[in-house]
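Single-letter residue listing:
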Amino acid sequence: MKKNLIKKVFAVSLSIAMACSLIPAANPVTASAAAPYVSLKTTFKTLKVGQKYKMTLKNNTINWKIKKVETTDKTICTVYGKTTSSVMLKGKSEGRATIRVKLATTKRKKNNTKTLRCRAKVVTTTPAPVDPGTTTQTDATVTTQQELTDALAKSGITKITIKPAGAVNFTIPTGTYNNVDLIVDAPQSEIENSATFKSITVENIKSSTWTEKGTGNAFNWKAANGRLVVGKGASVKNIAIPTASAKVAIDVQEGTIGAITVSAKLDLTITGKLATGAPAISISFTASATDATLSTAIKAAVSTASKIAATFLAGAEDSTIKLETTGISVAVTNNTTKAIVVTRNNNTTMNVAVGAKGQTVSSAASNSGSGTWTPGTGSGSGSGTVKPMSSNKINTGSAFNVTISGSAIGKADTVSSGSLEFSIGTEEKGVQAVSSGAIEYRVTTGYGYYGSWKSMTRGKVDENTGMHNYYVSKDTISLEGAISDKRTITFQFRVAADSANSAGENVNSKPITFTLSEFGADNKATISKSTVSIEF
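Everything quoted here is computed from the prediction, not taken from an experiment. (Residues numbered from 1 in each chain as written. Predicted model: local features only at pLDDT ≥ 70, side-chain atom pairs only at ≥ 80, totals over all residues. Heavy atoms only, no water.)

What follows concerns the overall build of the protein. When helices and strands are counted, the protein shows two helices and 40 strands. Relative to its full complement of 536 residues, the protein shows a buried share of 41%. Taking as baseline every contact in the protein between residues at least 6 positions apart, the subset at least 24 positions apart corresponds to 40%. Per element, the accessible surface of the protein, about 27000 Å² overall, is 52% carbon and sulfur. (Helix = DSSP H or I, 4+ residues; strand = E, 2+ residues; numbered from the N terminus. Buried < 20%, exposed > 50% of the residue type's maximum accessible area, 1.4 Å probe, protein only. Contact = heavy atoms within 4.5 Å. Areas by Shrake-Rupley, 256 points an atom, 1.4 Å probe, with all protein chains shown as cover.)

Next up, the structure:
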């Protein structure tokens with residue numbers, strides 16, 4: 001009996017032991033996990049325009065070092081400030097770009113380099129929600145300096161009107177307000193401006209002075225009287241003067257002016273000195289400017305579609321005049337040291353000699369040919385032949401390219417100097433005339449430059465059309481005044497005048513947009529060389 005009990009106890013103990021052996025240990029021993037691979041802090045990053053982000057490495061257990069960083073589109077997301085363990089990203093404009101980070105380590109003999117990637121998405125700043133019950137202020141009328149300062153500080157303002165009740169003078173500090181139209185109605189005020197605006201309209205101002213120290217401003221000068229001083233280093237993109245009977249004085253104190261457009265009978269006086277190397281001021285008189293007068297002591301390239309009188313004073317040497325249409329004339333007084341060249345609408349020229357007083361040069365309808373006026377006699381050589389416009393046309397179906405490149409000095413919003421270099425077609429593929437006739441070209445820009453007509457070089461005959469190709473191997477135009485939203489050029493072509501006909505009808509290409517690289521610490525930027533196909 002006792003022996004049977006011992007057997008039963010032993011059997012139960014053995015069963016319990018076997019059961020316990022099947023239960024997992026409370027603290028099992030695990031195999032060592034593989035070390036994680038080195039990677040970027042994130043593989044996808046959303047940035048706002050202007051936002052910065054520091055990208056670092058993680059799981060860097062074997063001393064990986066950043067050797068090179070690239071972005072697929074620096075206009076969307078730029079990279080800078082690289083160290084061996086981090087790099088800075090900055091959102092530039094809306095879009096997507098891929099950032100490539102190349103690594104290397106000395107801890108391995110093999111597999112010791114690798115490339116990591118991060119996709120960047122750049123978005124515009126999300127505007128704060130607007131309470132439907134409130135109205136956002138977009139216009140401001142200011143009467144004091146403090147009110148003007150407060151209005152300029154408000155981001156939602158798109159139009160500021162300076163309209164004081166009395167003689168309050170204003171100073172506008174340096175700033176860029178590309179979304180603000182500035183209107184000035186201040187007949188007793190003087191203004192000194194160093195900022196850049198979307199536009200500036202001067203309705204009324206004290207007759208003494210507006211002092212311009214900004215860069216790239218476009219003026220609509222409606223004031224009946226007034227004096228605009230363009231200070232040293234300042235640049236004015238263009239000035240429109242539309243008010244009849246106005247007396248407008250412009251004093252250039254080593255600044256630059258891209259273009260002036262006169263569209264009424266008025267008196268315009270220009271004095272002073274242009275900045276070194278600045279091109280002649282382009283001054284255009286429209287068909288509605290009949291009997292307007294110009295007096296300039298600064299080099300000017302004048303073109304007119306109406307009858308005008310122009311006086312050139314000492315300092316205006318090498319000025320020129322172009323008569324754009326038939327039935328008009330210009331009365332020239334030349335007090336410079338060089339002859340003034342007048343080009344008629346049919347491209348014939350007349351030199352107005354030094355000392356001439358009010359000598360009249362008429363357009364091709366009444367006076368063609370070439371010669372030199374004799375001071376005081378009122379006479380000149382030429383014939384009275386009226387030449388019809390050439391019936392020859394430009395072949396707008398001919399295929400050719402334009403190549404552009406160049407460099408500029410200035411800021412991202414306005415260029416103060418520099419040039420754009422271009423070539424038009426080749427001797428095998430260029431501009432063609434439907435029938436015989438030489439071809440001329442000129443260049444217009446979106447920032448105030450208007451080129452003169454120039455002859456193109458005659459090239460080879462096109463086997464398909466049987467017409468000669470005309471091309472330009474190299475020419476340049478000024479970049480002064482170019483701004484961020486209007487970096488375009490347009491080419492104009494026409495059949496040149498011949499012995500029987502005046503020049504043909506203008507044919508315009510579609511505008512060609514060019515891009516300046518970011519301005520560096522030296523204020524320099526470049527235009528990458530590019531070739532585009534001309535379209536009409």
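Turning next to the packing of aromatic side chains. Each aromatic ring pair is specified by the distance between its two centres and by the angle formed by the two planes. A complete count under the given rule lists seven aromatic pairs for this structure. Consider the rings of Phe219 and Trp221, whose centres lie 6.5 Å apart with planes at 45 degrees: the pair is tilted. With a relative accessible area of 2%, Phe219 lands in the buried category. Exposure remark for Trp221: the relative accessible area of 1% places this residue in the buried category. Measuring from ring centre to ring centre gives 6.4 Å for Phe422 and Tyr441, while their planes differ by 85 degrees; the resulting arrangement is edge-to-face. Of this pair, Phe422 sits in strand 32 (residues 415-424) while Tyr441 sits in strand 33 (residues 439-445), placing them 19 residues apart in sequence. In terms of burial, Phe422 and Tyr441 fall into one category: buried. A network of ring pairs unites the aromatic residues Phe400, Phe422, Tyr441, Phe491 and Phe493 as a single cluster. A cation over a ring is seen here: Arg494 above Trp453, with NZ or CZ 4.0 Å from the ring centre. (Phe/Tyr/Trp six-rings, centres within 6.5 Å; stacked < 30°, edge-to-face > 60°. Lys NZ or Arg CZ within 6 Å of the ring centre and 35° of its normal.)

As a further point, take the pairing of strand 20 (residues 267-274). Sheet analysis places strand 19 (residues 247-262) next to strand 20, joined by eight bridges and oriented parallel. What sits directly across from Val248, in strand 20, is Leu268. Relative to strand 22 (residues 292-296), strand 20 runs parallel, the two sharing four bridges. Bridged to Asp267 within strand 22 is Thr293. (Pairing = 2+ DSSP bridges.)

Our focus in this paragraph is the pattern of salt bridges. Within this structure, the stated rule accounts for 16 salt bridges. Of the charged contacts in the structure, one is a salt bridge between Asp139 and Lys159, with a shortest N-O distance of 3.7 Å. One end of the pair, Asp139, is in strand 9 (residues 139-142); the other, Lys159, is in strand 10 (residues 159-162), with 20 residues separating them in the sequence. Residue Asp139 is classed as partly exposed on the basis of its relative accessible area of 41%. Since its relative accessible area comes to 30%, Lys159 is described here as partly exposed. Linking Lys206 and Glu190 is a salt bridge whose minimum nitrogen-to-oxygen distance equals 3.8 Å. (Salt bridge = Lys/Arg side-chain N within 4 Å of Asp/Glu carboxyl O.)

Attention now goes to the state of the cysteines. By the definition in use, this model includes zero disulfides. Not part of a disulfide, Cys77 finds its nearest cysteine sulfur in Cys118, a span of 8.0 Å. (Disulfide = S-S within 2.5 Å.)

Take Asn334: it is sitting in strand 26 (residues 329-334). Here the side chain of Asn334 touches Thr336 through a polar contact of 2.7 Å, side chain to side chain. Among the polar contacts made by the side chain of Asn334, one reaches the main-chain carbonyl oxygen of Lys338 at a distance of 2.9 Å. Excluding residues that lie within four positions of it along the chain, Asn334 makes contacts with Phe312, Ala339, Ile340, Val352, Ala353, Val354, Gly355 and Ala356. (Polar contact = N/O pair within 3.5 Å; in protein donor to acceptor, adjacent residues only side chain to side chain.)

To continue, consider the sheet that holds strand 32. The strand order 35-36-32-31-40 describes an open sheet built from five strands, whose pairing is antiparallel. Looking at the sheet topology across the chains shown, the edges are occupied by strand 35 (457-461) and strand 40 (524-533). In this sheet, neighbouring strand axes are inclined to one another by 15 degrees on average, regardless of whether the strands run parallel or antiparallel. Relative to strand 40, strand 31 (residues 401-410) is paired through eight bridges, and the arrangement is antiparallel. Among the inter-strand pairings, Gly406 is bridged to a residue of strand 40, identified as Ile527. (Axes fitted to C-alpha atoms, helices over the stretch in contact; angles between N-to-C directions.)

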